[in-house]
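Breakdown of the fold
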Amino acid sequence: MANTIIGSSIIIDGEISGDEDLVIQGTVKGRISLKESLYVESSGIVEADIDTQNVEIAGRVTGNIVASDKVELKADCRVIGDIKSPRILIADGAAFKGNVDMDIKD
Amino acid sequence: MSVNLKMFLKKTIIGPSILINGRLSGEEDLTVRGRVEGEVALSRRLIVDKTGIVKANVSVKHAIISGVVVGNITATDCVELTPGGRMVGDIAAPRVIIVEGASFRGRVHMGDAQTLREARERLGTKPAATSQTSASARFSSSSSLSPISRPPSVPRLILRSTPIPLTQKPIPRPLNTMANVPPSPPSPPEDIPPTDALPMDDDDEFSGDKPLPPEPPAFMEANQKKVVLKKKK
Amino acid sequence: MLQNEPINIIRKGITIRGSLSGGGDLVVEGQVEGLVDLKNHLTIETTGKVQADIRAEQLTINGEASGNIDASSRVAINASALVSGDIRAPRIVIENGAIFNGSIEMDVKLPDDI
């Protein structure tokens, strides 16, 4: 269960880092680096480069995403940016523009 | 769905391992258990839990500090330091509560006493025996009201009519403090916002609005050298 | 219990200008202007008004105080108090309802990495 919740009225302009799950219902601009999972909920707006283990996006994200484990784009999300992750899931109804790099080693 | 439930709670929590560096603003309660640096602007409450560290200038309605704050706080309602709460910085707020066990270094600006009392009168609030904070503060201070026990041979008070030098130097600080302390941002608002302008959705009851104590008559002033201290048996 | 303790009292209606010093406890119900230097406990009652730099072991304020305060143990600014000045003491308590303008200096232990 996530310890950290950025509520829907909250706007953060800057950097967020940490070792725990993060739920974003509000707006974050800048940079996010986590060792755990990031959840961008349907009301969430992220304009930031993201570096984390897992990402689940139901809201809007503009920025490049690097995830060491998995990126999941849920229905009705809107993502603009490049994604680099060994596992990428894109649901029916998700909107995505950008490059996908699943980091396949030769 | 749990997502919707969270939305209704309207509460933001910064977990213990999280560091936010930048500007944070919003219209909901914010609980900090991790670390926030930069600037915080909230229209509701900031709660700094025991593990929380806020190194920022803060403007908020109500701040409750059980952790650490370094920076200035401007609050439209109240700043509370609970036991264990530590703060270095200046506070501008119509109500400031510091309880036993809290520590603080900085300036406090509550504003003009008359304006404050009138504002509290308007709200029609009474000294809050209901407020837990005030009750605990009262409890802790009541112990200090009992006289220090001492043997009857303790030297009596000496009264002199002219100033004498103290054995130690007088406190080397200006009498009128707010006018003389070095400026540091933010400059406290001269007009403390009407405290009833905001929705009273939390523990907003004011307290302590007792009428001004009556002025003691000044007729004794001419005879001040003859004043004898009474001894209560 | 209070009755049996000898306490110095400056009654309501009395004004003292000058310097007050001594080793006993003092209760101020009247007015004091100048300088107060006590070894023990100073109590300013709701009717009391002290315009003075104050040095004491312990200070309890229910009335008015303006001036700088230096206490070796504790300062309690209670709900009915109106205080302005700079305060230095190891323990300072401000109750809900008190009005205070000035600075406070306590020892604040901050984390190392701040």
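Here, every reference points to the structure presented above.
Reference entry: report on the structure contained in this document. (Residues numbered from 1 in each chain as written. Chains lettered and ligands numbered in written order. Predicted model: local features only at pLDDT ≥ 70, side-chain atom pairs only at ≥ 80, totals over all residues.)

**Quick word on the overall build of chain B**
Along the backbone of chain B there are four helices and 14 strands. Across the 233 residues of chain B, 40% fall into the buried class. Long-range contacts, defined here as pairs at least 24 residues apart, represent 26% of the contacts in chain B between residues at least 6 apart. (Helix = DSSP H or I, 4+ residues; strand = E, 2+ residues; numbered from the N terminus. Buried ≥ 20, exposed ≤ 12 C-beta atoms within 10 Å, placed from the backbone. Contact = placed C-beta atoms within 7 Å.)

**Digging into helix α2 (residues 113-123) of chain B**
Within the sequence span of α2 of chain B, burial applies to Leu116, Ala119 and Arg120 of chain B. Projected down its long axis, α2 of chain B shows its buried positions confined to an angular sector of 95°, all on one face. Exposed side of α2 of chain B, more than 90 degrees from the buried face: Gln114, Glu118 and Glu121 of chain B are the residues found there. Each element contacted by the buried residues of α2 of chain B is listed here: β12 (99-105) of chain C. (Arc of directions from axis to C-beta.)

**A look at the nonpolar core**
Soluble globular proteins: nonpolar side chains tend toward being buried together. Val96 and Ile98 of chain B together with Val36 and Ile77 of chain C are the most contacted members of the largest nonpolar core, which has 112 residues in total. Here Ile98 of chain B is in contact with Leu81 and Phe104 of chain B together with Ile92, Val93 and Ile94 of chain C, once residues within four sequence places are set aside. (Core = buried A, V, L, I, M, F, W, Y, C linked by C-beta atoms within 7 Å.)

**Structural notes on the environment of Lys55 of chain B**
Position of Lys55 of chain B relative to the elements: it lies in strand β6 (residues 53-65). Distance in space between the C-alpha atoms of Lys55 of chain B and Leu123 of chain B is 33 Å, their sequence separation being 68 residues. With residues up to four places along the chain from it excluded, the contact list for Lys55 of chain B reads Glu37, Val70 and Gly71 of chain B together with Ile114 of chain C.

**Section: the pairing of strand β4 (residues 31-38) of chain C**
All names here are of chain C. Of all eight residues making up β4, six are buried, and the element is well covered by its neighbours. Pairing analysis gives eight bridges linking strand β2 (residues 15-22) to β4, with the strands arranged parallel. Bridge pairing in β4 links Gly22 to Leu38. One ladder, built from seven bridges, connects β4 with strand β6 (residues 49-61); its direction is parallel. Within the sheet, the bridge partner assigned to Val32 lies in β6 and is Val50. (Pairing = 2+ DSSP bridges.)

**Side note on unusual backbone geometry**
Residues and elements named next belong to chain A. Here Asp76, not a glycine, exhibits a phi torsion of approximately 75°, which is positive. Secondary-structure assignment places Asp76 in the loop between β8 (65-73) and β9 (78-80). Residue class for Asp76 comes out partly exposed when judged on the 14 C-beta atoms lying within 10 Å of it.

**Quick notes on the interface of chain A and chain B**
Facing 24 residues of chain A, the contacting portion of chain B comprises 24 residues. Residue assignment for the side of chain A that touches chain B shows that the elements contributing at least two residues are β1 (4-6) and β2 (11-18) of chain A. In terms of residues, the side of chain A that touches chain B owes the most to one element, β2 of chain A, which gives eight residues. Class assignment of the residues belonging to the side of chain A that touches chain B gives a composition of seven nonpolar, twelve polar and five charged. (Nonpolar A, V, L, I, M, F, W, Y, C, P; charged D, E, K, R; others polar.)

Everything listed here is a matter of geometry and, on its own, says nothing about what the molecule does.
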